[in-house]
Amino acid sequence: MRRFPYGETNFELIRTEQSVFVDKTKYITELEQQPKFQFFIRPRRFGKTLWLSVLENYYDINKADKFAALFGDLYIGKQPTVLKNSFMVLRLNFSGIATDKGKEVIVDDFDGAVQDGANDFFERYTDGLRPGRLPAIRTLRACIDLARSNDKKIYLIIDEYDNFANELIASDDKEMYYELISGEGYVKSFYKAIKDGTSSSIERLFMTGVSPVMLDDLTSGFNITANLTLEPQLNAMLGLTDAEVEELAREVCPPDMKLTKLQEDLRTYFNGYKFSSLATERVYNTNMAIYFLEAVRKNGRYPQYILDRNVVTDYRKTEMLARKFDAYESLQLIASGGTVRTRLVDRFDLHTIFENTENYWSLLYYLGLLTIHTAGPGSVVLGIPNYAIKSLFWENFGERLRGETKILRTDIIAPALEKMRLDGDAGEFIAVFGKMLVQMLSFRDLIQLDEKHIKMALLAVLYGGDFLVDSERELGNGYADILLQENPAYPGSANYEWIIELKYLKKKTLKEFDRVAAEAKIQADSYRAAYIEKYNNGRIVKTMVLIVSGKGKLEVAC
């Protein structure tokens, strides 16, 4: 079986090593039908850098002799455009700029990033000459002059255009941001020089990052790009479609594993992203799916961690953003299965960015933490796209509980969950969670007294144990509050699986306890029947109804 190029972003290397490559080259034709200067953003680990490498290899005049080997069996190799191998390609990457050492270091790193791209540019299109150590604008002009002297045009590719800006915003260093981006700031002047270059040698531009955070501030000096981010025809240009993942799953699925189960799990874990309200299908996070499939290919089983641990740090900004927007409570509602209706913001003004919650939800959308569930004429409904992202929210909330309350102790929780998993006995867990709930309620910024907040706390306690925890899984005609399944990475590790229904009764409704409990029991039993019919492989499935009263008292109805 072919190797999955996890973490590899060099298109030529992937093709020469005959690693798995999902053919997205039909989108080259689509991009050529769009305006020449293009802006396109996607969350981290969706394959942006690899896609830039595809563009670089396709358009580079020096790669014409390799075209058949690199593209011959791909869509664009069979239907090439007239622009193939017709540009000098200048590629810049701003991902390595340090933002915590002052303006001088930022400027120096910015110059260095432009210099690195220019050195590669000169080495490919001259006899090894280099432009020398120059400020960014002069370095760019040297590249433009080289193209002009050779009567050639430049295809300019910019990766991680917003990386350092996002870091400055995260550290709340607005003053530094404005010094660099506003007025005659250093970075803004550089982008103005790019615009000037489009009147001579810069013929095409493709610029990408993870958010439109700088667009508004760059506009006065750099108003040439067409934002293609929300275009429905480009929804699946990055990311994997269901059909593409099915094909990959067929290639790696071992004989003792059910292909339909593998496909369904992949769909649950990583699918669900929709980047345009008019798009007709949803896509998978590329790197998350590749990480998982490579583990199946190598070991014939699911990875120990369904979520690639390398991506966890990419999404830690959720907490920071929640604090800055004073939206932590709303975030908990989303993480426990809720949605939010909002307007998608396509560019941000840093002066007012933290004053509008629409900006917050839009930022989470651009970061890949939320996605479009449904859309109307002037708004969208956003929610968490898949299990992998849900688990990030639960893990982050659990870490906050550990850090601020010191109550999420693994040595207490793990034995209780083990009894549920092996013996079908939830008594110890119920006692442990009941005590934790009383302590958590004293931290009012962590948990409020209503069902969604209590459910978030329960998910944080359950997640990370030996069960595979899920919330709001569609079962039959409804959605189960919490589902505890055997971890598929460890077949045979659970004798029992659980469906938990959680209810909250305010003081004035405590007299309805019996009715609520009976209805919840019927709900849980219906979910159990649907689950056994669709998923279960012989393990005993138990149900539990947890009811929390107005003072935080936990009771088990059945």
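Structure shown above.
The following refers to the structure shown. Since this is a predicted model, take the numbers as computed values, not measurements.

**Let's talk about the overall build of the protein**
So, step 1. Helices and strands together make up the secondary structure of the protein, namely 22 helices and 13 strands.
So, step 2. For 558 residues, the compact-globule estimate of 2.2 N^0.38 gives 24 Å, and the protein sits close to it at 26 Å.
So, step 3. Referenced to the eigenvectors of the C-alpha coordinate spread, the extents of the protein come out at roughly 85 × 55 × 45 Å.
So, step 4. Taking contacts inside the protein between residues at least 6 apart in sequence as the whole, the part at least 24 apart equals 71%.
So, step 5. Accessible surface computed for the protein: about 23100 Å², of which carbon and sulfur atoms make up 47%.
So, step 6. Averaging the positions of the 72 positive and the 79 negative side-chain charges in the protein gives two centres separated by 2 Å.

**Regarding the pattern of salt bridges**
So, step 1. A complete count under the given rule lists 34 salt bridges for this structure.
So, step 2. Measuring nitrogen to oxygen at the nearest pair gives 2.9 Å for the salt bridge that ties Lys-419 to Glu-428.
So, step 3. The class for Lys-419 is partly exposed, based on a relative accessible area of 34%.
So, step 4. Take Glu-428: its relative accessible area is 29%, and that puts it in the partly exposed class.
So, step 5. Residue Lys-455 pairs with Glu-472 through a salt bridge whose shortest N-O separation is 2.4 Å. One end of the pair, Lys-455, is in helix H21 (residues 451–462); the other, Glu-472, is in strand E9 (residues 467–475), with 17 residues separating them in the sequence.
So, step 6. A relative accessible area of 4% places Lys-455 in the buried class.

**Quick notes on the side chain of Lys-24**
So, step 1. Residue placement: Lys-24 occurs in the loop between helix H1 (11–16) and helix H2 (26–32).
So, step 2. For Lys-24, a relative accessible area of 7% puts it in the buried group.
So, step 3. Polar contacts involving the side chain of Lys-24 include one to the main-chain carbonyl oxygen of Gly-239, which spans 2.7 Å.
So, step 4. In this structure Lys-24 touches Trp-51, Ala-236, Met-237, Gly-239, Leu-240, Thr-241 and Glu-244, once residues within four positions along its chain are discounted.

**A word on the nonpolar core**
So, step 1. Residues Phe-190, Tyr-191 and Met-214 are the most contacted members of the largest nonpolar core, which totals 187 residues.
So, step 2. Those residues in contact with Phe-190 that lie beyond four places of it in its chain are Leu-92, Phe-94, Phe-110, Val-114, Ala-136, Ile-137 and Leu-140.
So, step 3. Membership of the second largest hydrophobic core comes to nine residues, among which are Leu-475, Ala-480, Ile-499 and Tyr-535.

**Focus on the environment of Val-252**
So, step 1. By the element assignment, Val-252 lies in helix H12 (residues 242–252).
So, step 2. In the structure, Val-252 is positioned 249 residues away from Arg-3 in sequence and 9.8 Å away in space, judged by C-alpha atoms.
So, step 3. The contacts of Val-252, once residues within four sequence positions are left out, are Met-1, Phe-4, Leu-293, Val-296 and Arg-297.

**Some remarks on the packing of aromatic side chains**
So, step 1. A full pass over the atoms with the stated rule returns 38 aromatic pairs.
So, step 2. Seen in terms of ring centroids, Tyr-58 and Tyr-59 are 4.9 Å apart; in terms of plane orientation they differ by 85°. Their pairing is edge-to-face. For the pair Tyr-58 and Tyr-59, one class covers both residues: buried.
So, step 3. In textbook terms, an aromatic cluster arises when at least three aromatic residues are bridged by ring pairs, as seen for Phe-11, Phe-21, Tyr-58, Tyr-59, Phe-67, Phe-71, Phe-87 and Tyr-155.
So, step 4. Positioned over the ring face of Phe-275 is Arg-42, at 4.1 Å from the centre of the ring.
So, step 5. Of note, Lys-84 hangs over the ring of Phe-67, and the distance from its end group to the ring centre comes to 4.5 Å.

**Observations concerning the environment of Glu-104**
So, step 1. With respect to the helices, strands and loops of the structure, Glu-104 is situated in helix H6 (residues 103–125).
So, step 2. What makes Glu-104 exposed here is its relative accessible area of 70%.
So, step 3. Distance from Glu-104 to Gly-47, taken between C-alpha atoms, is 32 Å for residues 57 residues apart in sequence.

**Considerations on the packing of H12 against helix H14 (residues 286–299)**
So, step 1. In the contact formed by H12 and H14, the axes pass within 9 Å of each other and the chain directions differ by 20°. The orientation of H12 relative to H14 falls into the category roughly parallel. Judged by the sense of rotation from one axis to the other, the crossing of H12 with H14 is right-handed. Between H12 and H14, the contacting residues are Leu-248, Ala-249 and Val-252 on the first element and Ile-290, Leu-293, Val-296 and Arg-297 on the second.

**Quick look at unusual backbone geometry**
So, step 1. A positive phi angle, close to 65°, is found at Arg-45, a residue other than glycine.
So, step 2. Examined against the element boundaries, Arg-45 turns out to sit in the loop between strand E1 (37–41) and helix H3 (48–59).
So, step 3. The exposure class of Arg-45 is partly exposed, given its relative accessible area of 22%.
So, step 4. One non-glycine residue, Glu-160, adopts positive backbone phi at about 55°.
So, step 5. Position of Glu-160 relative to the elements: it lies in the loop between strand E3 (154–159) and helix H8 (163–170).
So, step 6. Residue Glu-160 is classed as buried on the basis of its relative accessible area of 14%.

**Details of the pairing of strand E10 (residues 478–486)**
So, step 1. In terms of burial, E10 is a largely internal element, eight of the nine residues being buried.
So, step 2. Counted between consecutive antiparallel strands, the loop separating E9 from E10 contains two residues, among which Gly-476 sits at a positive phi close to 65°.
So, step 3. The sheet contact formed by E10 and strand E11 (residues 496–504) spans three bridges and is antiparallel. From the neighbouring strand, Leu-483 faces E11, where its bridge partner is Ile-499.

The rules behind each value
One numbering rule holds for all chains: residues counted from 1, following each sequence as written. Given that this is a predicted model, residues contribute local features only at a pLDDT of at least 70 and side-chain atom pairs are listed and counted only at 80 or more, while totals for whole chains, interfaces and linings are drawn from all residues. Side-chain measures here rest on the full set of heavy atoms in the structure, leaving out hydrogens and waters. Secondary structure elements are taken from DSSP: a helix is a run of H or I of four residues or more, a strand is a run of E of two residues or more, and numbering for both begins at the N terminus. Based on C-alpha atoms, the radius of gyration is set beside the globule rule, defined as 2.2 Å times the residue count to the power 0.38. Two residues form a contact once any of their heavy atoms are found within 4.5 Å. Here, Shrake-Rupley sampling with a 1.4 Å probe gives the accessible areas, and only protein chains in the shown set may cover a residue. In this count, Lys and Arg are taken as positive residues and Asp and Glu as negative ones, while His and the chain termini are left out. Taken as the charge centre is NZ of Lys, CZ of Arg, CG of Asp or CD of Glu, depending on the residue. The term salt bridge refers to a side-chain nitrogen of Lys or Arg lying within 4 Å of a carboxyl oxygen of Asp or Glu. Summary of the burial criterion: residues with accessible area below 20% of their type's maximum are buried, those above 50% are exposed, and those between are partly exposed, where the area comes from a 1.4 Å probe applied to protein chains only. Residues adjacent in sequence count toward polar contacts only when both atoms are side-chain atoms; beyond that, a polar contact is any pair of N or O atoms within 3.5 Å, and within protein one must be able to donate a hydrogen and the other to accept it. To qualify as a nonpolar core, a set must consist of buried Ala, Val, Leu, Ile, Met, Phe, Trp, Tyr and Cys residues joined through side-chain atoms within 4.5 Å. Note on ring pairs: Phe, Tyr and Trp rings are taken, using the six-membered ring of Trp, and paired if centres are within 6.5 Å. Classes follow the plane angle, with under 30 degrees stacked, over 60 edge-to-face and the rest tilted. Ring-over charges, as used throughout, are those where CZ of Arg or NZ of Lys falls within 6 Å of the ring centre and within 35 degrees of the ring normal. Note on geometry: axes are lines fitted to C-alpha atoms, helical ones only across the stretch in contact, with angles between N-to-C directions running from 0 to 180 degrees. Angle categories are assigned with fixed cut-offs, so that under 35 degrees is roughly parallel, over 145 is roughly antiparallel, 65 to 115 is roughly perpendicular, and the rest are oblique. For a crossing to be left-handed, the near helix must be turned anticlockwise from the far one by less than a right angle; the clockwise case is right-handed. Think of it this way: DSSP has to see at least two bridges between two strands before they count as a pair.

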